[in-house]
Structure formats: C-alpha cells, structure tokens
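Now for the letters of each chain:
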Amino acid sequence: MHLSVIIPVYNAAPYLEAAVASALTQPETREVILVEDGSSDNSRAICEQLAARHQIVHLLRHPDSANLGASVSRNAGMSRATQDYIAFLDADDTFLPGRFHETAQIFSAYPDTDGVYETVGTRYHDASMRARHQAREKEHIGLSVTPEPDQLFRALALGRYGFIHLDGLVLRRAALTPDLQFDPELIQCQDSDFILRASRRLQLRGGNPSRIVAMRGIHSSNRIFDHQQAMHYRRRFLQKCIDHHFYGSQDMIANLYIVSRRVGAGRAYRPFRHPRILGLPVKLLFVACYLLGHPAILVRLLSRSSGSV
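Here goes a summary of the coordinates provided. (Residues numbered from 1 in each chain as written. Predicted model: local features only at pLDDT ≥ 70, side-chain atom pairs only at ≥ 80, totals over all residues. Heavy atoms only, no water.)

1. Details of the sheet that holds strand β7 (residues 119-124)
Strand order in the open sheet formed by three strands is β5-β10-β7, with mixed pairing between adjacent strands. Only two strands of the sheet have a single neighbouring strand rather than two, namely β5 (94-95) and β7. Bridge count for β7 against strand β10 (residues 212-218) is six bridges, and the pairing is parallel. Within β10, the position partnered with Gly121 by the bridge is Met215. (Pairing = 2+ DSSP bridges. Helix = DSSP H or I, 4+ residues; strand = E, 2+ residues; numbered from the N terminus.)

Here it is as structure tokens:
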C-alpha cells in the first residue's frame, strides 16, 4: 500500500517536524504534502526546510500566502496527491510506528473497501491541559463498535459510540469524487461533516477499536476549548445534514437522532444541558417543537421507513 499523507499547516511550528518525521518513518508513505495555510509564526520556513531535506515532502501554498482554513488546505492536498491511498495528519499530531500495517490488511481482505478508520489516542503537549481536556472529551477517539459499512451512518448519527478522527482515516484515492470534499464554510466540524457524508457514499470499514494508530496533540491553542465557537459549528454541521435531507439516508432512527443532536446543540436548550434538568422529557419537547416549526423535515421523516435495528 502506497500513501500520500496530507498535513495542513497553520501556526504549528513547535510540532511540525515531529509530525512529518512520524509520517516519513512509515514504510507505506510515498509522499508527504504540506499545505501551508498562511501561518503567522515560522511554520512556512520549517515547511521549506523539510521539503528541501526530504525528496518526498512537497510544499503547497495558497495564492498570496492566504489563510484559507483547514478545509481548503486538505482539498488542495487531495487534488495534489499521486498515490493510491490518502491519509490525513494534523500538524500537531503524530502517527505511531506501524500505523498502516493492519490498515493494509483490511484493504486486502475486503477489496470493495473505500476507506479504513482506526482509533486515535491523546498526547498532552502541555500537562496542565489534561484535566481541562478530560472534562470535555475521552482520551481515545474512535468508534467503540465496528458496524458494517451500511450501518456506519447510523452509528455516527447516534453519537453514543464515539466518532472518527481524521488521523485514523485512510481513503482509497480513486473513491474520492470532486463533490466529496471538505466544506470551506465549516471552520470546525468540517471533519465530522466530511466523514458523515463519506459514510453514506463509500464503503468504510473499522479496524480494531483497541488499536491506537496515531496521537493527537492537546495544547492551549486547540480550538476545541473555545466552547462557544465549537457549539456554533456543531449546530451548523448538524443543520447542514438536515438541510441536505440527511444525505439521502432512509434510516429514520438515525435521522431523528441527528435532529435530536441539533436541538441539543441549540442555544435554547443550553440551560438544560448542565445539569440535565428534566433530561429526556425536555429534549423530546424541544425536538417536537423543532419538527413542528419545520414541517418539511417532519414530512420527510414520516415518509421514511426505519432502518434495521
């Protein structure tokens, strides 16, 4: 299996060399594509040094060295990739040794597979961030179950089994079409949006949930700690899914859960989120009000048969 590793780079100078080194040590890596996104630190200089030092490291820049965001950067990297498989890595994260060994085995065992997702762990660049992060998210990111590809959309929609991190995803390049790209309008949650759409269109298979293939870096600059912004983009991501008719999913249970999560991310529901005052009854009331206020969505839901349980 030969891979292109795409790394969007924005103000990641302290972490960038370690990220690239972790990609270069993988025997499957045939090219590393750095997409410099108008950094204000010395990331660009480090990118230039890495590209000069390693023949398979390539540097892309946006016109006029603009800062266009991670979505545009990843899209640029995908369009530049030349290898049969594409992997993603954030510039402050690292792959673990043997990252693609079992990934290649899954592709080989299931020739119809378009992508493989595996679990990502957590490394704290700043030890003081540990408690703050653990109060928000789990240490390991991945799905605790391995559903069949046709059930993955439901597993992601329910949200109870975890989610897929881009560092843990490998895609067959031939499966990517021009309309399956990252959404530039989503500053956050663009990865969740991309993966949810991919789960509807591609055959994605999970690896061993207990096997960690990469480590994401947690530090004070992570956007996940801007709670207000994070909730804003979560609402936009979930609303986009609803507005696009749940990306064609006929699974009414999955669709209802997406509506429920959209309601739970709303401003009106915020006072009931922590602590969960009245819990489920309040959530159901909000969902009912949302659907009554959006009759077209209600009609679509009622017209769909439930997927398999």
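2. What to know about the packing of helix α10 (residues 280-293) against helix α11 (residues 295-302)
In contact at an axis separation of 5 Å, α10 and α11 are set at 105 degrees when each is read in the N-to-C sense. With respect to α11, the element α10 is oriented roughly perpendicular. Each of Tyr290, Leu291, Leu292 and Gly293 in α10 lies in contact with α11, whose residues at this interface are Pro295, Ile297, Leu298 and Leu301. (Axes fitted to C-alpha atoms, helices over the stretch in contact; angles between N-to-C directions. Parallel < 35°, antiparallel > 145°, perpendicular 65-115°, else oblique. Contact = heavy atoms within 4.5 Å.)

3. Quick look at the sheet that holds strand β3 (residues 57-61)
Pairing is mixed across the open sheet formed by seven strands, whose spatial order is β3-β2-β1-β4-β8-β6-β9. Two strands in the sheet have a free side with no partner beyond their single neighbour: β3 and β9 (204-206). Neighbour-to-neighbour, the strand axes of this sheet turn through a mean angle of 20 degrees, independent of strand direction. Bridge count for strand β1 (residues 3-9) against strand β4 (residues 85-88) is four bridges, and the pairing is parallel. Bridged to Ile6 within β4 is Phe88. Sheet strands touched by helix α3 (residues 70-80): β1, β2 (29-36), β3 and β4. Its angle to β2, the strand with the most contacts, is close to 145 degrees.

4. Some details on the side chain of Ser199
Mapping Ser199 onto the fold places it in helix α7 (residues 190-201). You can call Ser199 buried: its relative accessible area is 5%. At 2.6 Å, the side chain of Ser199 and the backbone oxygen of Leu196 are in polar contact. In this structure Ser199 touches Pro149, Leu152, Phe153, Leu156 and Leu204, once residues within four positions along its chain are discounted. (Buried < 20%, exposed > 50% of the residue type's maximum accessible area, 1.4 Å probe, protein only. Polar contact = N/O pair within 3.5 Å; in protein donor to acceptor, adjacent residues only side chain to side chain.)

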